[in-house]
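Structural features, examined
Below are the chains, spelled out letter by letter.
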Amino acid sequence: MFISFEGIDFCGKSTQVELLKEYLIKQNKKVQLIREPGGTQISEKIRDILLDKKNNAMVMETEIFLFSASRAQLVREVIRPYLEAGYYVISDRFHDSSTAYQGYGRGLPLDAILKIHNLAIGNTIPDLTFIIDIPTNVALERKRNKSRSDLDRIELSNNNFYEKVRVGYLELATKENRFRVIDGTETIEKIHQKIIYEINSLEGMKFI
Ligand code: T5A
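Small disclaimer: the values here were computed from a predicted structure and weren't measured. (Residues numbered from 1 in each chain as written. Predicted model: local features only at pLDDT ≥ 70, side-chain atom pairs only at ≥ 80, totals over all residues. Heavy atoms only, no water.)

**A word on the overall build of the chain**
In terms of helices and strands, the chain carries 8 helices and 5 strands. Reading the helices (α) and strands (β) of the chain from amino to carboxyl end gives β-α-β-α-α-β-α-α-β-α-α-β-α. Overall size of the chain, expressed as C-alpha extent along the three principal axes, is 50 × 35 × 30 Å. Here the chain, with 208 residues, has 49% of them falling under the buried criterion. Within the chain, residue pairs in contact and separated by at least 24 positions form 79% of the contacts whose partners lie at least 6 positions apart. Approximately 10,500 Å² of the chain is accessible, and the part contributed by carbon and sulfur atoms is 53%. The average position of the 30 basic charges and that of the 29 acidic charges among the side chains of the chain differ by 1 Å. (Helix = DSSP H or I, 4+ residues; strand = E, 2+ residues; numbered from the N terminus. Buried < 20%, exposed > 50% of the residue type's maximum accessible area, 1.4 Å probe, protein only. Contact = heavy atoms within 4.5 Å. Areas by Shrake-Rupley, 256 points an atom, 1.4 Å probe, with all protein chains shown as cover. Lys, Arg positive; Asp, Glu negative; His and termini not counted. Charge placed at Lys NZ, Arg CZ, Asp CG, Glu CD.)

**Examining the packing of helix α4 (residues 95–105) against helix α7 (residues 159–172)**
Helices that pack against each other are described as a pair by the angle of their axes relative to one another and the distance between those axes. Two elements in contact, α4 and α7, have axes separated by 8 Å at closest approach and are oriented at 130°. When the interaxial angle is binned, α4 and α7 end up oblique. Remark: the crossing between α4 and α7 carries right-handed chirality. Residue-level contacts link Asp 96, Ser 97, Thr 99, Ala 100, Tyr 101, Tyr 104 and Gly 105 of α4 to Phe 161, Tyr 162, Lys 164, Val 165, Gly 168, Tyr 169, Glu 171 and Leu 172 of α7. (Axes fitted to C-alpha atoms, helices over the stretch in contact; angles between N-to-C directions. Parallel < 35°, antiparallel > 145°, perpendicular 65-115°, else oblique. Left-handed = near helix turned anticlockwise from the far one by under 90°.)

**Here we look at the site of the ligand**
In the neighbourhood of the ligand, 28 residues make up the surrounding shell, with Asp 9, Ser 14, Thr 15, Arg 93 and Ser 98 lying closest. Side-chain polar atom of Arg 71 to an oxygen atom of the ligand: 2.9 Å apart, as the coordinates give it. Measuring from an oxygen atom of the ligand, one finds a side-chain N or O atom of Ser 98 at 2.6 Å. Elements supplying a minimum of two residues to the shell around the ligand: α1 (13–26), α2 (41–51), α3 (60–84), α4 and α8 (188–206). Of the residues forming the shell around the ligand, the biggest block, 4 residues, is contributed by α4. Partitioned by chemical class, the residues of the shell around the ligand number 10 nonpolar, 8 polar and 10 charged. (Near = heavy atom within 4 Å. Polar contact = N/O pair within 3.5 Å; in protein donor to acceptor, adjacent residues only side chain to side chain. Nonpolar A, V, L, I, M, F, W, Y, C, P; charged D, E, K, R; others polar.)

**A look at the nonpolar core**
Ile 3, Phe 5, Tyr 101, Phe 130 and Ile 195 are the most contacted members of the largest nonpolar core, which has 40 residues in total. Ranked by residues supplied to this core, first place goes to α7 with 5 residues. Contact partners of Ile 3, with chain neighbours within four places excluded, come to Leu 20, Tyr 88, Val 89, Ile 90, Ser 91, Leu 128, Phe 130 and Ile 199. (Core = buried A, V, L, I, M, F, W, Y, C linked by side-chain atoms within 4.5 Å.)

**Considerations on the pattern of salt bridges**
Enumeration according to the criterion identifies 15 salt bridges in this entry. The salt bridge partner of Arg 93 is Glu 6, with a shortest N-O separation of 3.9 Å. Pair noted here: Arg 93 is in the loop between β3 (88–92) and α4 and Glu 6 is in strand β1 (residues 2–6), with a separation of 87 residues, a long-range link. Each of the two residues, Arg 93 as well as Glu 6, counts as buried. What emerges from the salt-bridge pattern is a single network uniting Glu 6, Asp 9 and Arg 93. (Salt bridge = Lys/Arg side-chain N within 4 Å of Asp/Glu carboxyl O.)

**What to know about the environment of His 192**
Here His 192 is to be found in helix α8. Remark: the alpha-carbon pair of His 192 and Ile 64, spanning 128 residues in sequence, is separated by 31 Å. Beyond its immediate sequence surroundings of up to four residues, His 192 is in contact with Gln 16, Leu 19, Leu 20 and Tyr 23.

**Observations regarding the side chain of Asp 92**
By secondary structure assignment, the location of Asp 92 is in strand β3. The class of Asp 92 is buried, set by a relative accessible area of 10%. Within the structure, the side chain of Asp 92 is placed 2.7 Å from the side chain of Lys 13, a separation counted as a polar contact. With residues near it in sequence (within four places) discarded, Asp 92 still touches Phe 5, Lys 13, Ser 14, Val 17, Ile 34, Arg 35 and Glu 36.

Right, here's the structure in full:
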């Protein structure tokens with residue numbers, strides 16, 4: 001099964017990805033975690049360019065191509081081989097991040113982004129995508145716990161940008177059945193239980 005986690009920065013995805021990994025391993029499942037951008041030697045180098053605060057002159061067209069280049073490499077070098085070997089592949093962000101951030105957030109045309117996705121990932125689309133949804137003011141509160149010098153280029157974006165990204169995610173969620181929107185303001189444990197429930201439900205359906 002291929003599972004991706006999405007949401008605005010500080011929504012709590014990475015926390016849930018780790019908890020899910022531990023849970024699946026306890027169930028004797030084979031699990032491969034990946035993060036985007038990154039996950040291969042080439043993709044990690046692209047990540048450094050994308051998140052480097054010194055690159056604040058980067059235009060949105062460059063941004064979408066770099067995220068997609070990183071993803072194209074990850075799909076072929078890691079995701080497809082692990083899925084073929086029967087692993088659960090859990091991705092901390094995937095192509096929906098580009099649609100939400102570069103499309104809805106920056107304003108790049110969604111039809112162009114769709115074409116880029118087709119080339120970068122083909123039919124390697126998650127079976128299940130969790131959108132951990134939090135209001136931007138909650139994100140802002142969590143962001144305040146992090147020192148400004150630790151924030152990356154995109155995390156330095158303003159609230160108006162995050163508002164558009166959030167709206168984008170919620171709109172995306174209405175378009176395909178693979179999405180599950182989870183209230184990210186609940187406790188970490190409650191969110192984890194909801195995620196496990198959704199995975200078990202989907203797995204149960206596969207056996208019917
Ligand atoms: N990006 C990425 C694009 O613009 N386009 C793309 O195509 C892609 C792939 C990636 C950046 O690039 C952008 C999006 C990002 O800005 P990153 O460093 O990988 O950068 O950052 P994130 O993906 O945002 O991941 P983070 O690990 O920084 O944040 P998470 O996963 O949102 O949150 P997490 O789990 O680290 O939690 C944040 C804080 O909240 C607390 C945690 O303890 C932590 O302190 N928390 C909770 N607090 C209260 N209640 C809960 N339920 C909580 N859950 C977690």
